[in-house]
Amino acid sequence: MGKKIALNVFYNLGLIISIFGGTWGFNNKQYLALALFVATGIFFLYVKLQLMKEMRATLKKKEAELKG
């Protein structure tokens, strides 16, 4: 469980850095950098959503085990 929390923190940091980097790239007309930050932001968002989906399933499974 601790590993997944650490992964979530890492993914959040990746998203934040991608947002700031994309903003920097847009403001400085560095469109290649902007594209790379957008791509990494999409990647971090995807893996974060997959982690959340996995955690939801794990918690439902544990809750079912406790009930019955």
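This text follows the structure it describes.
Okay, so let's go over this structure. These numbers were taken from a predicted model, which means no experiment stands behind them.

Focus: the nonpolar core
Reasoning step 1: Y11, L15, F44, V47, L51 and M55 form the largest nonpolar core, which has six residues in total.
Reasoning step 2: Listing elements by their share of this core, those giving two or more residues are α1 (2–27) and α2 (31–67).
Reasoning step 3: Broken down by element, this core gets its largest block of residues, four residues, from α2.

Structural notes on α1
Each turn of an α-helix holds 3.6 residues, which means side chains three or four residues apart point in the same direction.
Reasoning step 1: Taking 1.5 Å per residue, 26 residues should reach 38 Å; α1 reaches 38 Å between its end C-alpha atoms and fits that length.
Reasoning step 2: Among all positions in α1, only Y11, G14, L15, S18, G21, G22 and G25 are buried.
Reasoning step 3: Residues of α1 that are buried sit in contact with α2.
Reasoning step 4: K29, located one to two residues past α1, shows a positive phi value of around 55 degrees.

A few points about the packing of α1 against α2
Reasoning step 1: For the pair α1 and α2, interaxial distance at closest approach is 8 Å and the crossing angle is 155 degrees. In terms of axis orientation, α1 runs roughly antiparallel to α2. In this structure, the crossing between α1 and α2 has a hand that is left-handed.
Reasoning step 2: Split into classes, the residues belonging to the contact of α1 with α2 amount to 15 nonpolar, 10 polar and three charged.

Analysis parameters
- Residues numbered from 1 in each chain as written.
- Predicted model: local features only at pLDDT ≥ 70, side-chain atom pairs only at ≥ 80, totals over all residues.
- Heavy atoms only, no water.
- Core = buried A, V, L, I, M, F, W, Y, C linked by side-chain atoms within 4.5 Å.
- Buried < 20%, exposed > 50% of the residue type's maximum accessible area, 1.4 Å probe, protein only.
- Helix = DSSP H or I, 4+ residues; strand = E, 2+ residues; numbered from the N terminus.
- Expected span 1.5 Å × (residues − 1).
- Contact = heavy atoms within 4.5 Å.
- Axes fitted to C-alpha atoms, helices over the stretch in contact; angles between N-to-C directions.
- Parallel < 35°, antiparallel > 145°, perpendicular 65-115°, else oblique.
- Left-handed = near helix turned anticlockwise from the far one by under 90°.
- Nonpolar A, V, L, I, M, F, W, Y, C, P; charged D, E, K, R; others polar.

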